[in-house]
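Topology and contacts: notes
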Amino acid sequence: MSLIWFILLLFLCFGMFPYGCSKNFSSRPASVNIGAIFTFNSTIGRVAKIAIEEAVKDVNSNSSILRGTKLDLTMQDSNCSGFFGMVEALQFMETDTIAIIGPQSSVVAHIISHVANELQVPLLSFGATDPTLSSLQFPFFVRTTQSDLYQMTAVADMVNHYGWKEVIAIFIDDDYGRNGMLALEDKLSERRCKISYKVPISPGSGVKRGDIMDLLVNVAVMESRIIVLHVNPDSGFLVLSVAQYLGMMGNGYVWITTDWLSSVLDSAAPLPSETMESMQGVLALRQHIPESDRKRAFFSRWKKLTGSSLGLHSYGLYAYDSVWLVAHALDVFFDQGGVISFSNDSRLHSVEGSNLHLEAMSIFDDGNLLLQNILQSNLLGLTGPIKFNSDRSLIRPAYDIINVVGTGFRQIGYWSNYSGLSVVPPEMLYERPPNRSSANQQLNIVIWPGDTLSKPRGWVFPNNGKQLKIGVPNRASFREFVSQVPGTDVFKGFCIDVFTAAVTLLPYAVPYRFISYGDGRKNPSYTELVKLITTGYFDAAVGDITIVTNRTKIVDFTQPFVASGLVVVAPFKKLNTGAWAFLRPFSARMWALIACFFLVVGIVVWILEHRKNDEFRGPPKRQIITILWFSLSTMFFAHRENTVSTLGRVVLIIWLFVVLIINSSYTASLTSILTVQQLFSPIKGIESLKSSDEPIGYQVGSFAEHYLEELGISKSRLVALGSPEEYARALQHGPKKGGVTAIVDELPYIEIFLSSQCKFRVVGQEFTKSGWGFAFPRDSPLAVDMSTAILQLSENGDLQRIHDKWLMRSSCSLESAEIESDQLHLKSFWGLFLICGVACFSALFIYFVQIMLRLFRTAPSESVSDGSNGSLSGHVRRLFSLLDEKEDQSHGGSKRRKVERSLSDNSKDSELGTNPRRQTEFTAGSNINSSN
């Protein structure tokens with residue numbers, strides 16, 4: 001019976017569910033082989049060996065991971081050799097290894113990644129940080145630690161945070177060191193910083209102390225004092241020891257090491273006192289591992305395992321997590337039906353008579369599936385979240401920044417790719433929006449080499465015996481600013497004195513020598529002089545160099561020591577007063593507008609007063625004379641006609657205010673014309689030059705030529721002039737005799753020119769704003785210090801004293817330099833005329849509205865009485881009649897109107913011969929009788 005049940009069970013498994021049972025048996029083997037390649041006797045290897053072994057034990061003891069399948073680990077010692085690493089990788093291929101943990105070395109990783117690609121075995125490296133280990137070139141290479149690309153970004157952010165511009169890079173001369181420096185160079189350039197000097201060190205173990213000393217002697221005479229050390233621990237400690245011996249661990253120096261130093265401090269502490277003494281004040285990076293209960297528990301377990309003889313660093317934690325990453329990927333691999341199977345490659349065959357046995361190596365058939373499972377993993381390890389982005393890099397790269405002090409170190413902050421530098425752990429910042437602003441980049445106080453809290457300046461003037469080659473323009477004109485003493489290499493002038501005075505204020509000595517630029521017969525091109533700085537021919541340029549946009553793009557300028565700008569100089573003539581000088585205070589348009597407004601205001605007042613005021617009534621001739629007389633007499637406030645209407649009074653008051661302003665302005669301007677000497681020039685400024693076709697002069701070598709061309713002035717109109725004498729001749733001759741109509745040049749030159757030429761003046765305003773400065777290469781720290789020195793010269797008065805020594809002007813140039821028109825134009829008064837016009841229009845509008853209302857009220861009754869049919873012509877006649885007739889005073893009701901009417905009646909009675917006295921008595925008697 002039992003046999004029957006057994007046969008039935010086999011039938012169910014292999015008949016009804018053939019695929020399910022076979023998949024289960026074939027996809028869950030009892031054990032799988034994984035390998036590990038790294039250097040056992042190294043800072044990383046000693047910790048990684050224990051961590052990997054413990055990880056394999058934990059996986060094999062956890063039945064929920066591989067569910068019956070065990071990991072069979074084989075470890076090989078590469079001894080930091082690419083050759084041995086390749087041989088050991090090939091040996092793994094003979095034992096059906098499905099994944100390799102390691103290597104720790106970037107050099108070895110480059111070599112064995114080729115083997116992993118061909119045999120399709122995932123290579124999980126916990127220590128190879130070379131950023132050029134690309135997933136495109138090595139698809140089966142998986143980096144389970146952080147790339148040096150992020151570490152170098154952190155270094156660049158630190159350099160930029162402290163305001164340094166140049167660093168010196170000391171690195172191991174292999175793939176790890178060279179490619180790390182390439183990444184650092186790129187990240188520094190993004191922040192306008194650079195590596196000024198590179199020092200490669202041989203990667204072999206044969207590097208001697210004397211070799212390092214020779215290298216550091218060269219570093220000591222360099223300008224930069226910021227040194228980035230990207231080496232292995234053995235070479236690194238030797239460099240720091242020699243640096244201390246040479247006095248390069250004192251004030252002014254900054255040493256930044258990559259995470260090799262933190263790995264040693266975490267795993268081998270405490271270090272010997274002499275070793276710690278050689279690296280006081282050093283800044284180091286360490287891969288950031290978030291705090292967690294699992295991490296703290298593993299650290300406790302680690303102490304028990306090693307008896308506190310060996311510390312645990314971040315690479316050990318990444319090695320531990322790498323094993324768990326393979327286990328989780330394998331678990332998913334088996335769930336997906338993956339089969340551990342290998343096949344031979346027909347290309348791998350033994351050469352006849354060879355003992356290599358290449359045919360023993362086989363290809364992992366489902367290696368791609370396992371690789372994809374690894375890359376798609378999302379789990380929580382000792383190092384935090386284990387998840388890869390699209391570039392196959394671990395998410396959320398971050399570093400601790402530590403400062404070596406005393407017998408240990410202190411943490412001064414963090415760096416993360418999410419928010420840059422901070423003093424709070426990155427995992428707290430992930431909950432906030434990213435903020436990479438400079439104000440948000442913070443680090444705690446650093447104790448720098450030399451036991452100081454003051455941030456080092458980061459550079460010194462190089463003490464290599466070389467002098468700065470400073471280009472100086474050898475001018476042919478305006479030699480007050482800069483000139484060469486004939487027959488010598490000595491230069492003098494205003495600019496030279498400013499430069500030498502500023503150099504004396506620097507806190508360090510600057511050896512330099514002046515080199516003449518130009519032949520001295522004509523002024524050289526200053527733009528070409530500046531360009532020679534970018535080629536390295538000159539180290540700086542000193543002179544009357546204008547700071548303009550196209551020059552600032554290629555060099556750095558100091559703080560301006562002279563304010564400058566382009567101005568226009570033209571001849572002028574003196575204006576005599578003449579018989580018609582009284583017309584000059586106002587322009588023609590102004591006179592015309594005043595005349596129009598006098599007439600308009602007179603008409604408006606006449607319209608408003610005509611019906612009510614007898615003084616504005618009468619025959620047409622009389623009314624025209626009244627309008628003209630009234631309007632003109634208001635100019636002198638001598639009008640005798642009274643205004644009785646409210647609207648008329650409002651218009652008159654506003655007009656009298658306008659007249660008051662016009663009279664005052666006219667009087668002031670005429671007084672100036674008659675008492676002050678007037679100068680005239682047909683050129684009013686740069687706009688006048690742009691609209692004309694006459695030639696314009698400029699100084700040879702000046703940027704004014706390029707600027708005028710940008711304004712749209714044809715190059716054929718521009719005339720190059722080389723000296724003040726040529727300026728004077730060209731202006732005196734004028735365009736008709738082969739000269740120029742005006743000269744455009746910078747204000748300092750024009751002040752010198754006008755100090756001896758009183759026939760010319762500046763016309764218009766200064767139409768550019770710039771200054772003169774000394775030029776240095778881009779990002780030169782000397783430019784910053786020289787700017788500070790120039791500001792000190794300005795504050796203590798030395799700059800003004802130097803100016804007075806060379807550029808003191810004579811009395812001729814102290815006269816009024818700018819020619820301005822004394823005429824008053826309409827634009828100064830249009831507001832007044834606008835107010836007056838609005839008042840007139842408003843009064844007329846109100847008046848005509850009142851007339852129209854009266855017209856429509858009286859029209860019906862009158863049309864009936866006179867029998868009109870209400871035609872349009874009748875309304876028009878009635879309107880003009882209403883405008884012309886005297887307003888009926890009986891409806892006024894005012895006391896004044898009654899008096900005026902009484903006086904009018906009396907005058908009529910007297911004309912008829914009536915005795916006023918008798919009439920008065922009769923009126924009085926009538927009043928008495930009526931009262932009785």
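In the block above lies the structure referred to throughout.
Below is a short write-up of the structure. (Residues numbered from 1 in each chain as written. Predicted model: local features only at pLDDT ≥ 70, side-chain atom pairs only at ≥ 80, totals over all residues. Heavy atoms only, no water.)

**Some remarks on the sheet that holds strand E5 (residues 141–143)**
- The 5 strands lie next to each other as E2-E1-E3-E4-E5, forming an open sheet whose pairing is parallel. Sheet topology places strand E2 (70–77) and E5 at the edges, where each strand pairs with a single neighbour. Ignoring which end each strand starts from, the neighbouring axes of this sheet average 25° apart.
- Where strand E1 (residues 31–38) meets strand E3 (residues 97–101), 4 bridges bridge the pair, whose relative direction is parallel. Bridging across to E3, Gly 35 finds its partner in Ile 100.
- Contacting E1, E2 and E3, helix H4 (residues 82–93) crosses the sheet at an angle of about 175° to E1. (Pairing = 2+ DSSP bridges. Helix = DSSP H or I, 4+ residues; strand = E, 2+ residues; numbered from the N terminus. Axes fitted to C-alpha atoms, helices over the stretch in contact; angles between N-to-C directions. Contact = heavy atoms within 4.5 Å.)

**Considerations on the packing of helix H6 (residues 148–161) against helix H7 (residues 175–190)**
- At a closest axis distance of 8 Å, the pairing of H6 and H7 adopts a crossing angle of 45°. With respect to H7, the element H6 is oriented oblique. Remark: the crossing between H6 and H7 carries right-handed chirality. Here H6 contributes Asp 148, Leu 149, Met 152, Thr 153, Val 155, Ala 156 and Val 159 to the contact with H7, which in turn contributes Tyr 176, Gly 180, Met 181, Ala 183, Leu 184, Lys 187 and Leu 188.
- Here the residues of the contact of H6 with H7 sort into 10 nonpolar, 2 polar and 2 charged. (Parallel < 35°, antiparallel > 145°, perpendicular 65-115°, else oblique. Left-handed = near helix turned anticlockwise from the far one by under 90°. Nonpolar A, V, L, I, M, F, W, Y, C, P; charged D, E, K, R; others polar.)

**Examining the sheet that holds strand E6 (residues 166–172)**
- Read from one edge to the other, the open sheet built from 8 strands follows the order E7-E6-E8-E9-E10-E15-E16-E17, with strand pairing classed as mixed. Each of the sheet's edge strands pairs with one partner strand only, and the pair in question is strand E7 (194–201) and strand E17 (420–422). For this sheet, the mean angle separating the axes of adjacent strands, direction not counted, is 25°.
- As defined by bridge partners, strand E10 (residues 283–287) adjoins strand E15 (residues 398–405) across 5 bridges and the pair is classed as antiparallel.

**Observations regarding helix H20 (residues 620–633)**
- The first and last C-alpha atoms of H20 sit 20 Å apart over 14 residues, in line with the 20 Å expected at 1.5 Å per residue.
- When H20 is considered as a whole, its buried residues turn out to be Gln 623, Thr 626, Ile 627, Phe 630, Ser 631 and Ser 633. Buried residues of H20, viewed axially, fall in a sector of 165°; they line one side. Set apart from the buried face of H20 by more than 90 degrees, the exposed residues are Lys 621 and Ile 624. (Expected span 1.5 Å × (residues − 1). Buried < 20%, exposed > 50% of the residue type's maximum accessible area, 1.4 Å probe, protein only. Arc of directions from axis to C-beta.)

**Topic: the nonpolar core**
- Membership of the largest hydrophobic core comes to 71 residues, with the highest contact counts inside it found for Ile 52, Leu 71, Ile 98, Phe 126 and Leu 330.
- Ignoring any residue separated from it by four or fewer positions in sequence, one finds Ile 52 in contact with Ala 36, Phe 38, Leu 73, Ile 101, Phe 126, Ala 319 and Val 323.
- Within the second largest apolar cluster, 53 residues are counted, among which are Phe 461, Tyr 508, Ala 540 and Phe 561. (Core = buried A, V, L, I, M, F, W, Y, C linked by side-chain atoms within 4.5 Å.)

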